[in-house]
Amino acid sequence: MPYLYKIFSKISRKTKLILYLCHMILNYDVIVIGGGHAGCEAATASANMGAKTCLVTMDMNKIAQMSCNPAIGGIAKGQIVREIDALGGQMALVTDATAIQFRMLNRSKGPAVWSPRAQCDRGKFIWKWRSVLDETPNLDIWQDQADELLVEDGKAVGVKTIWGCELRARCVIVTAGTFLNGLMHIGRRMVPGGRIAEPAVPHFTESITRHGIRSARMKTGTPVRIDKRSVHFEDMERQDGENGYYLFSYMDQQRPLKQLPCWVCYTNPEVHETLRSGLADSPLYNGQIQSIGPRYCPSIETKLVTFPDRPQHLLFLEPEGEDTNEMYLNGFSSSLPMDVQIEALKKIPALRDIRVYRPGYAIEYDFFDPTQLKHSLESKVVEGLFMAGQVNGTTGYEEAGGQGTIAGINAALKAGSSPSFTLHRDEAYIGVLIDDLVTKGVDEPYRMFTSRAEYRILLRQDDADARLTEKGYELGIAKRERYDWWMEKKKAIDDIEAFCSTFAIKPKVVNSALEALGSTPLVYGCKLEDLVARPELNFEKLYQIVPELKAQIERLPNRKEEIAEAAEIHIKYKGYIERERLVAEKMHRLENIKIKGKFDYPNLTAISTEARQKLEKIQPETLAQASRIPGVSPSDVNAMLVLLGR
């Protein structure tokens, strides 16, 4: 890949001298600030679409660092990763290549909430991402620290770095994570930093807010890291992963690394008593931290205060990699003094001889109010400025990666003077995420859950390629190989569904087998799809009754189980899927009613005062977006519909 130093080596001596005496100016279509999960997806998306892109990062050896848990996916988060993959992004491929444990969560519930999750090798994850960046055409990496956003005539035109390099571009994407004025806390000690042992970025926020963009502070944290040689695993519950056919990526590959177990243990009253003794020195409770932390990933001290009567809390001890002794204690995020953390952990039988690599800590950082963004993630205030990841008030690698993908796509489109690309709430969890951010804003770190999506049955983890791969191919981010595989898979699914809808079942042939499977015998003949729709039956059971179905599946070229499962889900839940799609189509009618610039909200007396204030602040693009703003009632929406009719 043509790194900048290679480009620089080809410049004439006279030009080099001029650059040294003045300052270096480099020109691009898109500049991405920050090499985390949002930045990596943004940079590869932009570059794969043909935009000349530069990724600016402080440390090329910590690309896509998993600052907290070295795991990808989880409830709703796994769906986002599969959506990134379906669009042509990289997170799922990197995860499969570095996974050391895989599990499909929520399998006891319906497929609408099944969610993949993988524990990854932290170090190998970084280097796999680094190789992806190295091999991406149109992408340069510049190791430096952004110091100032350059804005001319209300447009972002580039950045200036601490070493005096000026990078110019048509679009700038800010994906700075927790580094903007980052401040770390352990007990009463405070140290500036973006994460442990890495410096904070002190001035970049101010170079953005001076142009009228609002910022605020948020807090997150991470747990202690433990030496596994000091753990008594005999006192813990072992939790193995799955070795089935599931992968994160829809592309055909395998998990090459050794699969490792995780371990389960619990806190106890002695642990809680020790932790409570340190609350006076907790930054969360002594006034040291003023910002709000994530509600759904609270620190251990927050759990004690919120649930004072609970005798124990669940902890997961998870490996950081296949070649390291370092382990991550999930569920024990803390910013208490380090001696209190360690003393409390020693009260857990399995950790009685514990040795740690580093204690848990909290970190405060700047973010920008996401209601100042369009659905394309471009700023409403500064043209050509895009934002993605934790700078928008979210938490999680997956949420960051999803935003980065959309920001990268739209920056490349804008650099090429093309219309923007957005996803609706019925098309992707990424669409739900972005709509929630720009419509509702955040008052705490935003985390995706399946419950946030009103069209869950349409947004399953198994059908992200059906929803998004053709869109990704049209954009140019998804390549021909991915598109061809989806076309092949789509035909295979259609063939299975067609077979099930036409294959006749006769009662006298199947009734005894149905009774043996605990299913009601038939009175009249039916089609195979009617048996598939029964909740107690599935393809695997029906193979015994209808060997022709098994033969149909066996003829598939590859990933037979995945294709069969997708077809089975579609047949079994066909009625629910169609009903939810009808509801979504009705909402699309409101999405098509544009209201931006059509109302003078402060003087719109037909709606409530709260609605006027919220609408004036957010300036929604469509009536559907307005209807989702907290404080805007159905009667307010009806009033605007009437006024539009006039």
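This structure is a prediction, so every number in the text was calculated from the model and none was measured.

Scoring rules and cut-offs
- Residues numbered from 1 in each chain as written.
- Predicted model: local features only at pLDDT ≥ 70, side-chain atom pairs only at ≥ 80, totals over all residues.
- Heavy atoms only, no water.
- 1 Å grid on protein atoms, 1.4 Å probe; cavity = no way out; pocket = protein on both sides within 12 Å on 5 of 7 lines; lining within 4 Å.
- Points joined across faces, edges and corners; volume = space filled by probe spheres on them.
- Helix = DSSP H or I, 4+ residues; strand = E, 2+ residues; numbered from the N terminus.
- Nonpolar A, V, L, I, M, F, W, Y, C, P; charged D, E, K, R; others polar.
- Buried < 20%, exposed > 50% of the residue type's maximum accessible area, 1.4 Å probe, protein only.
- Pairing = 2+ DSSP bridges.
- Phe/Tyr/Trp six-rings, centres within 6.5 Å; stacked < 30°, edge-to-face > 60°.
- Lys NZ or Arg CZ within 6 Å of the ring centre and 35° of its normal.
- Core = buried A, V, L, I, M, F, W, Y, C linked by side-chain atoms within 4.5 Å.
- Contact = heavy atoms within 4.5 Å.
- Salt bridge = Lys/Arg side-chain N within 4 Å of Asp/Glu carboxyl O.

Asker: So what exactly am I meant to see when it comes to the layout of surface pockets here?
Answerer: If a probe as big as a water molecule is rolled over the atoms, it shows which places are left empty. Of the voids in this model, the second largest pocket is the one considered here, and its volume is about 500 Å³. Lining the second largest pocket are 23 residues, and of these Tyr245, Phe539, Glu540, Glu565 and Glu568 sit closest to its centre. Mapped by element, the contributors of at least two residues to the lining of the second largest pocket are helix H17 (539–545), helix H18 (547–554) and helix H19 (560–572). Considering only residue class, the lining of the second largest pocket consists of 11 nonpolar, one polar and 11 charged.

Asker: Would you mind going over the pairing of strand S12 (residues 215–227) with me for this structure?
Answerer: Moving residue by residue along a regular strand, the side chains alternate between the two faces of the sheet. Counting buried positions over the 13 residues of S12 gives 10, a clear majority of the element. Where S12 and strand S18 (residues 361–368) come together, eight bridges link them in antiparallel fashion. Paired with Gly221 across the strands is Ala362, a residue of S18. Relative to strand S16 (residues 326–333), S12 is paired through four bridges, and the arrangement is antiparallel. Note that in S16 the partner of Arg225 across the bridge is Tyr328. Across two bridges, S12 lies against strand S17 (residues 356–358) in antiparallel orientation.

Asker: What is the right way to look at the pairing of strand S10 (residues 183–186) in this model?
Answerer: Direction of pairing for S10 relative to S18: antiparallel, over a ladder of three bridges. By the bridge assignment for S18, Leu183 is matched with Glu364. The sheet contact formed by S10 and strand S11 (residues 189–192) spans four bridges and is antiparallel. Its bridge partner lying in S11, His185 is registered against Met190. Between S10 and S11, which pair antiparallel and follow one another directly, the connecting turn spans two residues, one of which, Gly187, has a positive phi of 60°.

Asker: I'm lost on the packing of aromatic side chains in this one. Help?
Answerer: The full count for this structure, using the stated rule, is nine aromatic pairs. Centre to centre, the rings of Tyr296 and Phe449 are 4.6 Å apart; their planes meet at 75°, and the pair counts as edge-to-face. In this pair, Tyr296 sits in the loop between helix H8 (269–277) and helix H9 (300–306) while Phe449 sits in the loop between helix H12 (429–440) and helix H13 (464–475), placing the two residues 153 residues apart along the sequence. With relative accessibility at 41%, the residue Tyr296 sits in the partly exposed group. Ring centres of Tyr573 and Tyr576 lie 6.3 Å apart, and the angle between their planes is 50°; on these two criteria the pair is classed as tilted. Relative accessible area serves as the criterion here: at 23%, Tyr573 is assigned to the partly exposed category. An aromatic cluster of three or more residues is present, and its members are Phe102, Tyr245, Tyr246 and Phe248. A cation over an aromatic ring shows up here: Arg107 above the ring of Trp114, its NZ or CZ 4.3 Å from the ring centre.

Asker: Teacher, can you tell me more about the nonpolar core here?
Answerer: Taken as a class, soluble globular proteins show a tendency for nonpolar side chains to be buried jointly. Among the nonpolar cores identified, the biggest contains 103 residues, and Ile72, Trp129, Leu167, Val174, Phe204, Leu385 and Met387 are the most heavily contacted of them. With nine residues, helix H11 (residues 397–415) is the single largest residue contributor to this core. Beyond its immediate stretch of four places on either side in the chain, Val174 contacts Ile33, Phe204, Ile208, Leu385, Phe386, Met387, Ala388 and Val391. Judged by nonpolar contacts, the second largest core, of 28 residues, contains Ala492, Val532, Val546 and Ala564.

Asker: Sorry if this is basic, but what is going on with the side chain of Arg482 here?
Answerer: Of note, Arg482 is situated in helix H14 (residues 480–502). What makes Arg482 buried here is its relative accessible area of 8%. Ignoring any residue separated from it by four or fewer positions in sequence, one finds Arg482 in contact with Asp85, Ala86, Gly88, Gly89, Leu93, Ser249, Met251 and Thr469.

Asker: Got a minute to help me understand the pattern of salt bridges in this structure?
Answerer: Opposite charge on two side chains permits pairing when their charged atoms draw close. Enumeration according to the criterion identifies 49 salt bridges in this entry. Taking the shortest distance from any N to any O, the salt bridge between Arg295 and Glu444 comes out at 3.0 Å. A residue pair is termed long-range when its members are at least 10 positions apart, and Arg295 in the loop between H8 and H9 and Glu444 in the loop between H12 and H13 qualify at 149 residues. As a salt-bridge pair, Asp436 and Lys440 come within 3.5 Å of each other at their nearest N and O atoms.

Asker: Sorry, what's going on with the environment of Val382 here?
Answerer: For Val382, the location among the structural elements is in the loop between S18 and strand S19 (385–387). According to the relative accessible area criterion, Val382 is buried, its value standing at 2%. Remark: the alpha-carbon pair of Val382 and Ile213, spanning 169 residues in sequence, is separated by 8.2 Å. Here Val382 is in contact with Val151, Gly154, Lys155, Ala156, His211 and Ile213, once residues within four sequence places are set aside.

Scope: geometric values only; no functional claims are made or implied.
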